Amino acid sequence: MSVLRADAPGKTNVCLYLGPTRSDGRHELVTVMQSLTVADAITLGPAPAGAAQDEVQCPGVEGENLALSALRAFRAATGWDAPPRRLTIDKRVPVAAGMGGGSGDAAAALRLAQADSGLGDLALLYELAAALGADVPAQVQPGRVLATGAGEVLEPLGPPEPYGVLILPSRHALSTADVYREADRIGVARSAEELEAILKDIQEFAGDLPDALIHNDLEAAARSLLPEIGQALVEAVGAGADRAFVSGSGPTVVGLFSVVEEAQAAAQALAGRDPAPIVATPVGPGAGQVT
């Protein structure tokens, strides 16, 4: 069999509003997620001779891998019984950073498995993605999307005007579950009525958000757990970002620049920073295709 390849773009939440807790323990959300050019590179090929099951190689990331879980879920749902496969992941998206790196890998694994097997359809990929995690469905087809429910109700949005994204990774990691627990502890969740009003405002702008709607409710919880985030926010603003905020559950900070070259200049100004800045731009439909 041939080796298949797909990129797994990272994402940022241009806005993220947290609502009430649902009966399944997850929160209602209203969020606009934007895929970015910073992406993991994933290949799917035959496992080594003698392998008894599918496996994943992802240097630098320990523990259970969501992409391998996605491949196993695809097999279980479709009955695909091909010989064991190996997923190889070249990590470029910061890990445990609020940029959906693991979720993007899982979504890419689903695309690769479908292409390899010829089984299933897009509806099945979305169904499997929703069971894997809140950020996975939005990354099945990378681009710009309005997500509601717990992240599984998706409304694709048109691509935005080009802009630059300055990414300031952290030396630390934050667990998404820990950030949500801290959000509950400090009481940042909004009422269902407030969340509905925000959703209507976002839909009015078709995802091309004014500054007043660029906001992350999880930022306060992330900063509570990791106060050092405050310094990264100061760095982004000091480098000229039009807006700076925590990406997803953090701790990565992103700065938005209306001119891509200004984001590149900001990264050069912060070149001595550790970890080093990353510059990205939005990607639209077609990113992450299997080749």
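The structure presented is a predicted model; accordingly, all values stated were derived computationally and were not measured. (Residues numbered from 1 in each chain as written. Predicted model: local features only at pLDDT ≥ 70, side-chain atom pairs only at ≥ 80, totals over all residues. Heavy atoms only, no water.)

## Describing the side chain of N13
Looking at the secondary structure, you find N13 in strand β1 (residues 4-21). Engagement of the side chain of N13 in a polar contact is seen with the side chain of K11, the distance being 2.4 Å. Setting aside its immediate chain neighbours within four residues, N13 contacts T31, V32, M33, G98, F245, S247 and G248. (Helix = DSSP H or I, 4+ residues; strand = E, 2+ residues; numbered from the N terminus. Polar contact = N/O pair within 3.5 Å; in protein donor to acceptor, adjacent residues only side chain to side chain. Contact = heavy atoms within 4.5 Å.)

## Here's the deal with the pattern of salt bridges
Within this structure, the stated rule accounts for 17 salt bridges. For E152, the salt bridge identified is with R22, shortest N-O distance 3.3 Å. Residue E152 is located in the loop between β5 (144-148) and β6 (153-157), and its partner R22 is located in the loop between β1 and β2 (27-46); the two are separated by 130 residues in the primary sequence. Look at R22 and you get partly exposed, because its relative accessible area is 21%. Note that E182 is salt-bridged to R185, the shortest N-O span being 2.8 Å. Taken together, the residues E182 and R185, both in helix α4 (residues 176-186) and three residues apart, mark about one turn of the helix. (Salt bridge = Lys/Arg side-chain N within 4 Å of Asp/Glu carboxyl O. Buried < 20%, exposed > 50% of the residue type's maximum accessible area, 1.4 Å probe, protein only.)

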